[in-house]
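Inside the fold
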Amino acid sequence: GLGELPQSFARLSAIFSGTFMLRKPVDEIVYEGGKAVGVRSEGETARCKFVVGDPSYFSDKVRKTGQVIRAICLLSHPIPNTDNMPSCNIIVPSRWFKRQSDMYVCCISNTHSCAPAGKYIAIVSATEETSDPRKEIETAIKLLGPVDEMFVSISDTMEPVADGKADNVFVSKSYDGTSHS
């Protein structure tokens, strides 16, 4: 499954002398001559040629580009009109609802060992386009049928302000509305 992706990355990292530090806080990025040369965590320093990270580690190196609304919905049934599929992805085209961007629905179940038998987890996500993001996703939520419980979050989307070449710190963009994380 998808768990193989990070495992493969870890193996390749080891082959090419990379260091993986799991479940460790980043206390400091170590710089020498204005270039990142390591990461310090709990008294240990992992030396490197460059650092790669997501925006949550580098608030001084990113700018806000917008917001994403995500609703995690617990269901007691598969999504209606999907032929009782235990999992599915639905893209709600922007043109149907006069939006600038599509809305996304992902449904998973016990088939993926993510929910107990008879329960389903649906995730609705969309780029925020108005001052009332909950109203924006109502159409996608209605596709789900009855919802047992719903948890809504709104997250800022960020992008790096520089390409990373000057200081050897390469920052990714944050997850946008197309991802369900």
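Above: the structure in question.
Definitions and limits used
Residues numbered from 1 in each chain as written. Predicted model: local features only at pLDDT ≥ 70, side-chain atom pairs only at ≥ 80, totals over all residues. Heavy atoms only, no water. Salt bridge = Lys/Arg side-chain N within 4 Å of Asp/Glu carboxyl O. Helix = DSSP H or I, 4+ residues; strand = E, 2+ residues; numbered from the N terminus. Buried < 20%, exposed > 50% of the residue type's maximum accessible area, 1.4 Å probe, protein only. Pairing = 2+ DSSP bridges. Axes fitted to C-alpha atoms, helices over the stretch in contact; angles between N-to-C directions. 1 Å grid on protein atoms, 1.4 Å probe; cavity = no way out; pocket = protein on both sides within 12 Å on 5 of 7 lines; lining within 4 Å. Points joined across faces, edges and corners; volume = space filled by probe spheres on them. Nonpolar A, V, L, I, M, F, W, Y, C, P; charged D, E, K, R; others polar. Contact = heavy atoms within 4.5 Å. Phe/Tyr/Trp six-rings, centres within 6.5 Å; stacked < 30°, edge-to-face > 60°. Patch = residues over 30% accessible without salt bridge, like charges linked within 9 Å, V, L, I, M, F, W, Y side chains within 5 Å. Areas by Shrake-Rupley, 256 points an atom, 1.4 Å probe, with all protein chains shown as cover. Disulfide = S-S within 2.5 Å.

1. Description of the pattern of salt bridges
If you walk through the whole model with that rule in mind, you get twelve salt bridges. The salt bridge partner of Asp167 is Lys61, with a shortest N-O separation of 2.5 Å. Of this pair, Asp167 sits in the loop between β9 (149–160) and β10 (169–171) while Lys61 sits in the loop between β4 (51–53) and β5 (62–75), and the two are 106 residues apart along the sequence. Neither Asp167 nor Lys61 differs from the other in exposure class; each is buried. Shared partners join several salt bridges into a network, and the residues in it are Lys24, Glu42 and Glu44.

2. Quick look at the sheet that holds β5
Taken in spatial order, the five strands line up as β6-β7-β8-β5-β9 in an open sheet, and their pairing is antiparallel. Single-partner strands in this sheet number two, and they are β6 (88–92) and β9. Pairs of neighbouring strands in the sheet enclose a mean axial angle of 20°, with direction left out of account. Judged from the seven bridges that link them, strand β7 (residues 103–109) and strand β8 (residues 120–127) form a sheet pairing that is antiparallel. Its bridge partner being in β8, Cys107 is matched across the sheet by Ala122.

3. Focus: the layout of surface pockets
Rolling a probe over the atoms, with the probe sized like a water molecule, indicates the empty space that remains. Here the largest pocket is characterised by a volume of approximately 1,100 Å³. Taken together, 27 residues make up the lining of the largest pocket; nearest its centre are Thr19, Phe20, Phe50, Val51 and Val52. Secondary-structure elements contributing two or more residues to the lining of the largest pocket are α1 (4–15), β2 (35–41), β3 (44–47) and β4. When the residues that make up the lining of the largest pocket are grouped by side-chain class, the tally is 17 nonpolar, six polar and four charged. Counted as a void, the second largest pocket has a volume near 160 Å³. Lining the second largest pocket are Thr65, Gly66, Gln67, Val68, Thr127, Thr157, Met158, Glu159, Lys173, Ser174 and Asp176. Sorting the residues of the lining of the second largest pocket by element identifies β5 and β9 as the ones contributing at least two each.

4. Observations regarding the environment of Pro78
Among the secondary structure elements, Pro78 is positioned in the loop between β5 and β6. A relative accessible area of 14% means that Pro78 is categorised as buried. Considering only alpha carbons, one finds Pro78 and Gly145, 67 residues apart in sequence, at a separation of 8.8 Å. In this view, Pro78 contacts Asn84, Met85 and Tyr120; residues no more than four positions away in its chain are not counted.

5. Here's the deal with the packing of aromatic side chains
Counted according to the given criterion, the structure contains two aromatic pairs. For the pair Phe50 and Phe170, a centre-to-centre distance of 5.8 Å together with 90° between the ring planes defines the contact as edge-to-face. Here Phe170 lies in strand β10 and Phe50 lies in the loop between β3 and β4, a separation of 120 residues in the sequence. With 6.5 Å between their ring centres and 70° between their planes, Trp96 and Phe97 make a pair best called edge-to-face. On the basis of relative accessibility, which here comes to 56%, the residue Trp96 falls in the exposed class.

6. Overview of a nonpolar patch on the surface
Together, Phe9, Phe20 and Leu22 make up a nonpolar patch on the protein surface, roughly 330 Å² of accessible area in all. With respect to the helices and strands, the residue Leu22 is situated in the loop between α1 and β1 (28–32). Residue Leu22 is classed as exposed on the basis of its relative accessible area of 57%.

7. Notes on the state of the cysteines
Inspection of the entire model under this criterion finds zero disulfides. Summary of cysteine pairing: Cys114 is not part of a disulfide, and the nearest cysteine sulfur, belonging to Cys106, is at 9.0 Å.

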